[in-house]
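Chain by chain, the residues:
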Amino acid sequence: MPSSPAPGGRGRRPVDRPPITPTGIVDAALRLTETEGLDAWSTRQLAAALEVWPRAVYHHIGDRDAVADAVADRVVGMISLPSQELAWREWFSALLLEGRPVLRRYRGVARRLVRIGPIIPSALTMMDRGILVLQEAGFAEGATAAYRYLTNSAFTLVMVEDDRAENLPEARERLAGALAAHRDDPERRGLAAVGAAVTSRGTDDPEAIAALEDDFYAYTVERSLDGVAAVLSRPDRGGLSG
C-alpha cells in the first residue's frame, strides 16, 4: 500500500521509510519539543516533520493535546525514581534535583505538569511512589498535601525558568547587572550585599548566571524540604489530605 502523501504538496513519503507508528510520532514530537518547546509546535509542523498528512497523527494518537500528553509522559518517564529504601527527605531531594535537567531539556513539560496536574501515567506513578514514601515516614493524612507542595514548588520554578528562556532570554543577565550596580551602595546595604554576591559570580558570564540558577533551585528544594520536615513534629502531621 502506498504511504500517505506529505503535506504541502511535497510528494509521497519515501517508500524506504518505516511505517508511521504512535511511537514514531511521539519520537518526532519529542525532537520538536527539545528544539522548540512543547507549546511552540503545531500538529501541522509535526506532520511535516514526519512527511505525512496531519490526519495521520490524529489517526494514530489523537489531537494535539493527546500528543502533548504522550510527550510529557515520555519526558517524565525519563526522571529516575529514587530507591524506596531512601529516607523521605533524601528521596525527594534526589527526585527534584535530578528531575530539573530533564524537564529543562524539554521546555514546557513542567508547565503542563503544574497547570494540568499529574494526569499522565508516568506522573501518576511518581505520585504513587512519593506519597507512599511520605506515608511510611509518618506524614499520615498530610502525605498528599506534602507531595503536592514539594513537587509544585520545584516544578513551578522550572516553569518560570522555561518561560524566561523562551520569552526573556536576557532577563537574568539584565537583573544581574542591575543588582551588581548596587554592590558599593552605602544607602542600601541589603542591595549592596546582593550586588557583591552577584559580582563575585560574574554578571555577563552565561555559565556563572546558570550556576546562580542552579544554586537557587537547590536552595528552594532544601527549604521546601525543611518546611515539610517541620510538619512531622505536629500532632496532626499537617492535617491536609488533599
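Please refer to the structure higher up on the page.
Nothing here was measured: the structure is a model prediction, and the numbers come from that model. (Residues numbered from 1 in each chain as written. Predicted model: local features only at pLDDT ≥ 70, side-chain atom pairs only at ≥ 80, totals over all residues. Heavy atoms only, no water.)

> When you look at the packing of helix α7 (residues 121-137) against helix α8 (residues 143-167) in this model, what are you seeing that I'm missing?
Two quantities define a packed helix pair, namely the angle between the axes and the distance from one axis to the other. The contact between α7 and α8 brings their axes to 9 Å, and the two run at 125°. Judged by the inter-axis angle, α7 sits oblique to α8. Between α7 and α8 lies a crossing of right-handed hand. Residues Ala123, Met126, Met127, Gly130, Ile131, Leu134 and Gln135 of α7 form the contact with α8, whose participating residues are Ala143, Thr144, Ala146, Tyr147 and Phe155. A per-class count over the contact of α7 with α8 returns 9 nonpolar, 3 polar and no charged. (Axes fitted to C-alpha atoms, helices over the stretch in contact; angles between N-to-C directions. Helix = DSSP H or I, 4+ residues; strand = E, 2+ residues; numbered from the N terminus. Parallel < 35°, antiparallel > 145°, perpendicular 65-115°, else oblique. Left-handed = near helix turned anticlockwise from the far one by under 90°. Contact = heavy atoms within 4.5 Å. Nonpolar A, V, L, I, M, F, W, Y, C, P; charged D, E, K, R; others polar.)

> Sorry if this is basic, but what is going on with the environment of Glu161 here?
If you trace the backbone, Glu161 turns up in helix α8. For Glu161, a relative accessible area of 4% translates into the label buried. Sequence-wise, Glu161 and Ala110 are 51 residues apart; in three dimensions their C-alpha atoms are separated by 9.8 Å. Once you skip the residues sitting within four places of it in the chain, Glu161 turns out to touch Arg100, Arg104 and Glu213. (Buried < 20%, exposed > 50% of the residue type's maximum accessible area, 1.4 Å probe, protein only.)

> Is there a simple way to explain helix α1 (residues 22-36) in this structure?
In an α-helix, one turn spans 3.6 residues; hence positions three or four apart end up facing the same way. Taking 1.5 Å per residue, 15 residues should reach 21 Å; α1 reaches 21 Å between its end C-alpha atoms and fits that length. Among the residues of α1, Ile25, Val26, Ala28, Ala29, Leu30, Leu32 and Thr33 are the ones counted as buried. Lining the buried residues of α1 we find α2 (43-50), α3 (54-60) and α4 (64-77). Immediately downstream of α1, the backbone of Gly37 shows phi near 100°, a positive value. (Expected span 1.5 Å × (residues − 1).)

> Any chance you could explain the nonpolar core here in plain terms?
Within soluble globular proteins, side chains that are nonpolar tend to cluster in buried spots. Leu46, Val71, Trp88, Phe92, Leu103 and Val109 are the most contacted members of the largest nonpolar core, which has 54 residues in total. Top element by residues in this core is α8. It accounts for 8 residues. Residues lining this core come from more than one domain, with at least three contributed by each of domain 1 (20-73) and domain 2 (82-167 + 200-231). (Core = buried A, V, L, I, M, F, W, Y, C linked by side-chain atoms within 4.5 Å. Domains from an automatic or database assignment.)

> How should I be thinking about the side chain of Asp162 in this particular structure?
The topology assignment puts Asp162 in helix α8. According to the relative accessible area criterion, Asp162 is buried, its value standing at 1%. Of note is the side chain of Asp162, whose polar atom sits 3.3 Å from the backbone nitrogen of Gly108. Other than its neighbours up to four places away in sequence, Asp162 contacts Leu103, Arg104, Arg107, Gly108 and Ala110. (Polar contact = N/O pair within 3.5 Å; in protein donor to acceptor, adjacent residues only side chain to side chain.)

> What exactly am I supposed to notice about the packing of aromatic side chains here?
For any two aromatic rings, the description comes down to two numbers: the centre-to-centre distance and the angle of the planes. In total, this model carries 3 aromatic pairs according to the counting rule given. Arranged with centres 5.2 Å apart and planes meeting at 80°, the rings of Trp88 and Phe139 form a pair that is edge-to-face. Of this pair, Trp88 sits in helix α5 (residues 88-105) while Phe139 sits in the loop between α7 and α8, placing them 51 residues apart in sequence. Judged on exposure class, the residue Trp88 and its partner Phe139 are both buried. With a centroid separation of 4.9 Å and an interplanar angle of 65°, the aromatic rings of Trp91 and Phe92 are classed as edge-to-face. Assigned by exposure class, Trp91 and Phe92 land together as buried. Every member of this aromatic cluster is reached through a ring pair, and the members are Trp91, Phe92 and Tyr147. Here the basic side chain of Arg64 rests over the ring of Trp41, its NZ or CZ set 4.0 Å away from the ring centre. Arg223 extends its terminal NZ or CZ atom over the ring of Tyr219, reaching a point 5.0 Å from the ring centre. (Phe/Tyr/Trp six-rings, centres within 6.5 Å; stacked < 30°, edge-to-face > 60°. Lys NZ or Arg CZ within 6 Å of the ring centre and 35° of its normal.)

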